[in-house]
Amino acid sequence: MHLPASLPLSLHSAEQVRALDAQLIAAGTPGFELMQRAAHAAWRALRRRWPDAGELTVLAGRGNNAGDGYLIAALAQRAGWRVRVLAVGDPAALSGDAAQACAEARRAGVDILPWSECAPLTGILADALLGTGLSGAVREPYAQAIRLLNQSGLPVLAVDIPSGLNADSGARLGVAVRADLTVTFVALKLGLLTGGGPELCGELLFDDLQGDARLLAQAPCVAQRLDLANLPRLSARSPVAHKGQFGHLLVVGGDLGMGGAALLCADSALRAGAGLVSLATRAEHVAAALVRRPEIMCTALASANQLLALTERADVCVVGPGLGQGAWARSLLSGVCGLDVPQVWDADALNLLAAGQVVAPGQGVLTPHPGEAARLLGIDTATVQADRPAAARALAQRFGLVVVLKGAGSLVAAPDGRLALCDRGHPAMAGAGLGDVLAGLIGALLAQGMAAYDAACLAVWLHARAGEVLAAQGRGLAAGDLPCTIRQLLEELCPCVK
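As annotated in an unreviewed UniProt entry, the chain is Bifunctional NAD(P)H-hydrate repair enzyme from Ectopseudomonas alcaliphila. The annotation that UniProt attaches to the chain under Subunit (unreviewed entry) is "Homotetramer."

Here it is as structure tokens:
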């Protein structure tokens, strides 16, 4: 999904947007005027994206979303385009502002035809079918209209939201429109940026419809979008700083055959500024670790009994990369879970936690992907993906820890209810080891004194942005490529010296 730089930071639920609409109307902006502004915003975006198309087909439902579509049709007709509306919802059933919009389209000379599966789809297709009010699965004839729209191969503009996408969770409600361009209004909906939202929206544009700035600023929201304007920052370092001031981070992991995961994690922590980094791993991996990164203090462990000396010195622990789920892993995890230091649990540490083999640490961050989140919650992965915000919040509440739910539109949830979303990243990041790098990065920020929620938010954004930068070279992105780029981005954002 292509994102402009001008998206708002606050993310809202469909109910909050409806309440904001009502407030704007009560404050003196008529509903039909807001509808007209929405139509003009969508029409401007359509012309910029497809200036020479000259032909538009609007698929209209029977609510206010349809009203927007009828007014877009009227604007296109008056601009000399070939225009028609295929009415999936009966125009005679329209009421209020939507009925007024339909009448305006008729006055402009727009052909309004009843929807038929045999009706040819031509030109640019405008999806004005269902809007944000949908909660259950898409029903016929809307479902078939959406299927045919998706099969047409024609450019698609979604008005406010792709029909069939849940505005709150990003779930596909059975079937959903795949748009090339989505223009959304009044406030930014959370579901556009997580779950299926990034795939279905295409290019995402936002217009506040010139609403009352005070009302827009004060409107309640459900989450914050991470951006340069609101990212937490590390403090600059004193000219007389020394390594002991920036934390001793211990990475525990790397069972036989999986030593690379733990080393990637430790390398990431070192590059992100942790003062000291130790790695507790299998003896078979020590030589490789020292060759690759001699700055990391690497210790061979056969059991948890050997952990004591390491844990006594640690300010932060990162546990799980390459850990495995055997007796060795269980022993080490049992040895660190009760430590009174911030911990980052990733990968197999989460799987052992889900299996009831250990208890969660008292403070820190959990970093599950959707499958791990499902195991932790005792549900299936599809259920997690159907409502990622709810899953992230449920995990944060259950364990009393900050949770990073990874994936497109990664979410950071705190036990106190705060929720942040990262809309950066790139498909080239779909590869092994990137989660290990993220875990080490979070740990390094914790070691330098950041609170768990702030460290998770900053790390998730840096990790995703580094992936975008490196993805300019194409697919084949290796996890080991990220730490140096993250280091550069962190310095640009939080200079080491004032």
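A. Seen up close, the overall build of the chain. Each helix and strand counted, the chain has 18 helices and 19 strands in total. Against the 2.2 N^0.38 benchmark of 23 Å for 498 residues, the chain shows a C-alpha radius of gyration of 26 Å, consistent with a compact globule. Judged by the C-alpha coordinates and their principal axes, the chain covers about 80 × 45 × 40 Å. Residue burial in the chain is summarised as follows: out of 498 residues, 57% are buried. Partitioning the contacts of the chain with sequence separation of at least 6, the portion at a separation of at least 24 is 71%. Counting every atom, the chain has about 19,600 Å² of accessible surface; 50% of that belongs to carbon and sulfur. Computing the positive centroid from 39 side-chain charges and the negative centroid from 42, the chain places the two 2 Å apart.

B. Looking closely at the packing of helix 13 (residues 370–377) against helix 15 (residues 388–399). Following both chains from N to C, one finds helix 13 and helix 15 inclined at 50°, their axes separated by 10 Å at the closest point. Between helix 13 and helix 15, the angle falls in the class oblique. Here helix 13 runs over helix 15; the crossing is left-handed. Along its contact with helix 13, which presents P370, A373, L376 and L377, the element helix 15 presents R388, A391, A394, L395, R398 and F399. By residue class, the composition of the contact of helix 13 with helix 15 is eight nonpolar, no polar and two charged.

C. The UniProt feature "binding site: K(+)" (unreviewed entry) in the chain, seen in detail. Per the UniProt annotation, the sites labelled "binding site: K(+)" (unreviewed entry) are N65, D127 and S163. Look at the named residues: they lie 99 residues apart in sequence, but the longest C-alpha span between them is just 9.6 Å, so in the fold they bunch up. If sequence neighbours within four positions are ignored, D127 has contacts with L59, N65, L149, V156, L157, A158, V159, I161, P162, S163 and V177. Within polar-contact distance, the side chain of D127 engages the backbone nitrogen of L129 at 3.2 Å. Note that S163 resides in the loop between strand 6 (156–159) and strand 7 (181–185).

What counts, and at which threshold
- Residues numbered from 1 in each chain as written.
- Predicted model: local features only at pLDDT ≥ 70, side-chain atom pairs only at ≥ 80, totals over all residues.
- Heavy atoms only, no water.
- UniProt positions renumbered as here; feature names shortened; annotations may be inferred.
- Helix = DSSP H or I, 4+ residues; strand = E, 2+ residues; numbered from the N terminus.
- Rg over C-alpha atoms; globule rule 2.2 N^0.38 Å.
- Buried < 20%, exposed > 50% of the residue type's maximum accessible area, 1.4 Å probe, protein only.
- Contact = heavy atoms within 4.5 Å.
- Areas by Shrake-Rupley, 256 points an atom, 1.4 Å probe, with all protein chains shown as cover.
- Lys, Arg positive; Asp, Glu negative; His and termini not counted.
- Charge placed at Lys NZ, Arg CZ, Asp CG, Glu CD.
- Axes fitted to C-alpha atoms, helices over the stretch in contact; angles between N-to-C directions.
- Parallel < 35°, antiparallel > 145°, perpendicular 65-115°, else oblique.
- Left-handed = near helix turned anticlockwise from the far one by under 90°.
- Nonpolar A, V, L, I, M, F, W, Y, C, P; charged D, E, K, R; others polar.
- Polar contact = N/O pair within 3.5 Å; in protein donor to acceptor, adjacent residues only side chain to side chain.

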